[in-house]
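Letter by letter, the chains look like this.
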Amino acid sequence: MAVIHHTTLKPTKTELLAGWLPGRPWYRGGPAPVLEKSGGFRLDDPEGEVGIEFIVATDTASPGRTAYLAPLTYRGAPLEGAGHALVGTMEHGVLGTRWVYDGCHDPVLVAQLLALIEGRAQAMAQSVSDTPDREVIRSCAAAPLSLDGFTPEPADDADGTRLPAPDGTVLRVHRVLEPVSGQRPPAPQDALGHVAAGWPGPDDSRLWAVFMTLSRA
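The present account deals with the structure reproduced in this document. From a predicted model like this one, the values you see are computed outputs, not experimental measurements.

What follows concerns the overall build of the protein chain. Within the protein chain, the regular secondary structure consists of two helices and 13 strands. Here the C-alpha radius of gyration of the protein chain, 16 Å, is about what a compact globule of 217 residues would show, namely 17 Å. Summarising its shape, the C-alpha atoms of the protein chain cover approximately 45 × 40 × 35 Å along the three principal directions. Of all 217 residues assigned to the protein chain, the portion counted as buried reaches 48%.

Laid out in structure tokens, this is it:
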């Protein structure tokens, strides 16, 4: 189980994301987003080496408070061949220098995300150690996915990130979230699998959105 250290981060995660987001093809805001960390969840790396987090970052400077999904991995050393996916580095008060990557390019995150969709991995609370996040919803109607020889090859477009997955499937990561208030969204029509979660909205509301969908290619 991952241990959550409540310590200093320089720069913070939202500061890193504020410099990285405007260069993404799916970004909808202006040149200087004002981000708040609204919610998300974590997954455990079975090897205990890589931090895996899915952050809902809300741009409060954009009309309508646009919510973005940022899957991130945190590593104690650079990930070979993934310089293009580096979000930045930060100094962790306990762990030292951490290399932060767009997790769609990190095979550890992708493998655990597919395991979550299939029900083989448990979503964990974002800020509390060893605590499952029971609000995260997942479904899977696909046959068991084989990861033998699978290497992530994600592609960004104006709507999010498309990731060819094993066995003729495609994993779509919805980078710009479409929240609904007060109710859990159903599984998308014709999807083979999905992940959805909620986070606190303004005025004590609860917002929900589909984070990822798995479908046929």
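As a further point, take the sheet that holds strand E6 (residues 96-102). Pairing within the open sheet is antiparallel, and its six strands lie in the order E1-E5-E6-E4-E3-E2. Two strands close off the open sheet at either side, each with one partner strand: strand E1 (9-10) and strand E2 (35-43). Helix H1 (residues 13-20) rests against E1, E2, strand E3 (51-59), strand E4 (66-75), strand E5 (86-92) and E6 of the sheet, and its axis sits at about 160° to E5. Sitting on the sheet, helix H2 (residues 107-118) is in contact with E2, E3 and E4, with an inclination near 85° to E3.

A separate point is the environment of leucine 17. Within the fold, leucine 17 resides in helix H1. By relative accessible area, leucine 17 is classed as buried at 1%. C-alpha separation for the pair leucine 17 and threonine 97, spaced 80 residues apart in sequence, amounts to 17 Å. Setting aside chain neighbours within four positions, we find leucine 17 in contact with Pro22, Leu35, Ile55, Ala57, Ala70, Leu72 and Val87.

So, on to the pattern of salt bridges. Two side chains that carry opposite charge are able to pair once their charged atoms sit near each other. One pass over the structure, following the stated rule, counts 10 salt bridges. Its salt-bridge partner being arginine 75, residue aspartate 106 comes within 2.8 Å of it at the nearest N-O pair. Here the residue aspartate 106 occupies a position in the loop between E6 and H2, and arginine 75 occupies one in strand E4, the gap between them amounting to 31 residues. The class of aspartate 106 is buried, set by a relative accessible area of 0%. In this structure arginine 75 comes out as buried when scored by relative accessible area, which is 15%. A cluster of three or more residues bridged by salt bridges with shared partners is formed by Lys13, Lys37, Arg42 and Glu53.

With an omega dihedral of -10°, the bond running from lysine 10 to proline 11 counts as a cis peptide bond. Counting through the fold element by element, proline 11 comes out in the loop between E1 and H1. Of note in the backbone geometry, arginine 65 takes a positive phi value of approximately 55° without being a glycine. Its place among the elements puts arginine 65 in the loop between E3 and E4. Within the chain, aspartate 167 stands out as a residue other than glycine whose phi angle is a positive 60°. Its place among the elements puts aspartate 167 in the loop between strand E9 (160-165) and strand E10 (169-174).

Now for the side chain of aspartate 133. Within the fold, aspartate 133 resides in the loop between H2 and strand E7 (137-140). Arginine 206 is the oppositely charged side chain nearest to the buried, salt-bridge-free aspartate 133, at an N-O distance of 6.3 Å. Polar side-chain contacts of aspartate 133 include one of 3.0 Å to the backbone nitrogen of glutamate 135. Not counting residues up to four positions away in its chain, the partners in contact with aspartate 133 are Gly40, Phe41, Gln122, Ala123, Met124 and Ala125.

Rules and cut-offs
All residue numbers here refer to positions counted from 1 along the written sequence of the relevant chain. Confidence filtering applies because this is a predicted model: local features only for residues at pLDDT of at least 70, side-chain atom pairs given and counted only at 80 or more, and all residues used for totals across whole chains, interfaces and linings. Values shown for side chains rest on all heavy atoms present in the structure; no hydrogens or waters enter the calculation. The helix and strand labels rest on DSSP assignments: H or I over at least four residues marks a helix, E over at least two residues marks a strand, and numbering proceeds from the N terminus. With the radius of gyration taken over C-alpha atoms, the globule rule is written as 2.2 Å times the number of residues to the power 0.38. Working definition: with a 1.4 Å probe on protein chains only, accessible area under 20% of the residue-type maximum means buried, over 50% means exposed, and in between means partly exposed. Two strands pair if DSSP finds at least two bridges between them. Contacts were defined at the residue level, with two residues in contact if any of their heavy atoms lie within 4.5 Å. Note on method: axes are straight lines fitted to C-alpha atoms, helices fitted across the in-contact stretch only, with angles between N-to-C directions ranging 0 to 180 degrees. Think of a salt bridge as a Lys or Arg side-chain nitrogen and an Asp or Glu carboxyl oxygen that are within 4 Å of each other. In this charge count, Lys and Arg are treated as positive and Asp and Glu as negative; neither His nor the chain ends contribute. Counting of polar contacts relies on pairs of N or O atoms within 3.5 Å, with two restrictions inside protein: one atom must be capable of donating a hydrogen and the other of accepting it, and residues adjacent in sequence are counted only when both atoms are side-chain atoms.

Taken by themselves, the reported measurements are silent on function.
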